[in-house]
There are 2 protein chains.
Amino acid sequence: MATVKEVAEMAGVSVGTVSKVLNGIQVGEKNKEKVEQAIRVLGYEINVYARGLRAQNTYTAAVIVPNLYNQFFALFVEYVEKAFSSRGYKLMLCISSGDAKKEVDYITLSRQNKVDGIIGITYNDIEQYVTEGMPFVSLDRHFIQQVHCVTCDNYGGGWMAGTVFAKAHCKSLLYVRTGSDLSGETMKRGRGFEDYCKSKQIRFEVLDMHDIDDQNGLDDHNRIYACFDTFFKDKIVNGKCIFDGIFTSGDYLALMLKEYLEKQEIVVPQDVQIIGFDGLQLYKDGPYMVSSIAQPIPKLAEKCVDNLLGLIQKEEVEMLSMLPVTFVEGGTTKAVY
Amino acid sequence: MATVKEVAEMAGVSVGTVSKVLNGIQVGEKNKEKVEQAIRVLGYEINVYARGLRAQNTYTAAVIVPNLYNQFFALFVEYVEKAFSSRGYKLMLCISSGDAKKEVDYITLSRQNKVDGIIGITYNDIEQYVTEGMPFVSLDRHFIQQVHCVTCDNYGGGWMAGTVFAKAHCKSLLYVRTGSDLSGETMKRGRGFEDYCKSKQIRFEVLDMHDIDDQNGLDDHNRIYACFDTFFKDKIVNGKCIFDGIFTSGDYLALMLKEYLEKQEIVVPQDVQIIGFDGLQLYKDGPYMVSSIAQPIPKLAEKCVDNLLGLIQKEEVEMLSMLPVTFVEGGTTKAVY
């Protein structure tokens, strides 16, 4: 590690001149160049200093999300930013578009102590990069390796969707999903729904479109419509659908399904009821896009931030925080309450 | 500016020990404390160094938006992040919620060279903080002081909405707006619309709800509905609305208006046609929320980033970049094309 004096000697200038350059005070262009070159040659590295004294003290965190098109991600980021901001933290935003390299880049930032920690919604196998002791909180995703995770009660939400259909006397149910096949909390939505149907001996089927997901959290709606066409070909006969209740893994998928069914002259919710997942609204405090199992987005965000700050401060933090969900009506179910 | 040697002298340790602390290599806890204290006392300031050598070289920029609830802001941030990312820049996200203090905080970061520059959608009088020479690009907002601005053709968009109604033979038009009263590009939407109506001698009225805006870019829909009630009391008589075409300053306002009119049993678009502004879609590549004057969001974001990087590199950058808009159909206008 070079001293200012050594820098001055190599540059052939006075210590005062080096000091001026370091302080951003104007000096002759030639002297400035000499000093900067000496600093480079001697490896007078700012980050080394930072790492020594200011480790875990950048007051900057990062959040990784696949996109902001999906309102769930946008609102999650909004509340994460607010929770960090109220604690004096700045937030780096990484939109991964499902790109594993970009996700790993941010994990590297954390390793270099350029950010204190990361909150991530990731769809790639990046667990090998998340080393033990690195402050990292994952939303909705269990990594194979032990990673701190915050999630809503996905299993309970699926079960809840089943109870809503049962109360409305539905007799033939369908679960439709898209999404990553990586071990994740969202898989449990379907499992909770199926377990409820089995427990009540309600007929159900599953339409699994996992292969359609483009890994960036966005559904390709043309391919989804093509899938619907194939699947519903023999399920909609003479304007009647053999299902009277359909649960989907997300609200956007529910919206697309509603549009699709209406084009086939199936009336929602009179003929077929639909329940999505997430609880997205058309606008703030506005109507829900569809009837849905709503996630508590602000609370999920705050929990992620609390847990991450706990990890940064080397406190003990629970490995999994699971928050409750609620059913919300959005016009795609019959009111039976 | 202290040297490492001075730090070592004050701490009563060797230069090697100081070097180790600075390099994050383990030393005795007592020596580490002494060194850290000496560094603090002597004011061996890391940021001063950063300012001198690394000025405008942090490869980090900041974006300020009022919220991410509004899809326009969310998508703008998404494309800003992508444009920066492809150029090796990291992005700090600031959600201002209309809080001027938070906006100013980020401008201070820029002054301290902790970020290279800022792109902002701001609704406060922060122009006194944006000093000359600070890389700052504003979307949609002219500051009193000269600030680089990127915007869509708001005046042309308003004019365009007028032409769409005229083609559909509308006879009685209304412009409804919410939003900040600060000198901004969005004011021009109404002006373009009014100028078109005047030029064609089409009857028009204005419902200005600027006092309803809560300064954070979100419309309070309860207060908006109350305003609608008062305004439309004598404008909807016997199930007939005296207007047959309504242009709104944004898509969310158009959505709320559509819901409101439908509750009054006015049929959209048969009885009243509505055109919003922004061109928001229910989901990526999905149907438009309403018929609208669409902003080219990806291009606006890329232009902001291009212009900001130009300013950072001290190139000459145009003060105002204005991008064209297009009309998109979203079910709230009659197809006449």
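Residues numbered from 1 in each chain as written. Chains lettered and ligands numbered in written order. Predicted model: local features only at pLDDT ≥ 70, side-chain atom pairs only at ≥ 80, totals over all residues. Heavy atoms only, no water.

All right, on to the confidence of the model for chain A then. Residues and elements named next belong to chain A. Averaged over all residues, the pLDDT of chain A equals 86, while 87% of them reach at least 70. Across chain A, the secondary-structure element scoring lowest on mean pLDDT is helix 4 (residues 46-54), at 37, and the one scoring highest is strand 12 (residues 292-294), at 98. Across residues 45-56, where pLDDT falls below 50, the model places 28 contacts with residues more than four positions away in sequence or in other chains. Scored as a complex, the prediction yields pTM 0.80 and ipTM 0.78. (pLDDT = per-residue confidence, 0-100. Helix = DSSP H or I, 4+ residues; strand = E, 2+ residues; numbered from the N terminus. Contact = heavy atoms within 4.5 Å.)

What follows deals with the packing of helix 1 (residues 4-11) of chain B against helix 3 (residues 29-42) of chain B. All names here are of chain B. One can describe the packing of helix 1 onto helix 3 by two numbers: an axis separation of 8 Å at closest approach and a directional angle of 120°. One way to sum up the angle between helix 1 and helix 3 is to call them oblique. As helix 1 runs across helix 3, the sense of the crossing is right-handed. Residues Glu6, Val7, Met10 and Ala11 of helix 1 form the contact with helix 3, whose participating residues are Lys34, Val35, Ala38, Ile39, Val41 and Leu42. When its residues are assigned to classes, the contact of helix 1 with helix 3 shows eight nonpolar, no polar and two charged. (Axes fitted to C-alpha atoms, helices over the stretch in contact; angles between N-to-C directions. Parallel < 35°, antiparallel > 145°, perpendicular 65-115°, else oblique. Left-handed = near helix turned anticlockwise from the far one by under 90°. Nonpolar A, V, L, I, M, F, W, Y, C, P; charged D, E, K, R; others polar.)

What follows concerns the domain arrangement of chain A. Note: interface size is frequently given as the accessible area lost on complex formation between the parts. Parsing chain A into structural domains produces domain 1 (4-46), domain 2 (58-152 + 297-323) and domain 3 (154-295). Each of domain 1 of chain A and domain 2 of chain A was reduced to a C-alpha centroid, and the two centroids are 39 Å apart. (Domains from an automatic or database assignment.)

Before going further, it helps to spend a moment on the packing of aromatic side chains. Residues and elements named next belong to chain A. Evaluation of the coordinates by the stated rule reveals 40 aromatic pairs over all chains. Between Phe232 and Phe243, the ring centres sit 6.5 Å apart and the planes meet at 85°, which makes this aromatic pair edge-to-face. Within this pair, whereas Phe232 is found in helix 9 (residues 221-232), its partner Phe243 is found in the loop between strand 9 (240-241) and strand 10 (245-248), the two being separated by eleven residues in sequence. In this structure, Phe232 and Phe243 share a single accessibility class: buried. Each residue in the set Tyr225, Phe228, Phe231, Phe232, Phe243 and Tyr260 is aromatic and connected to the rest through ring pairs, giving one cluster. The ring of Tyr225 carries Lys263 above its face, with NZ or CZ at 5.3 Å from the centroid. (Phe/Tyr/Trp six-rings, centres within 6.5 Å; stacked < 30°, edge-to-face > 60°. Buried < 20%, exposed > 50% of the residue type's maximum accessible area, 1.4 Å probe, protein only. Lys NZ or Arg CZ within 6 Å of the ring centre and 35° of its normal.)

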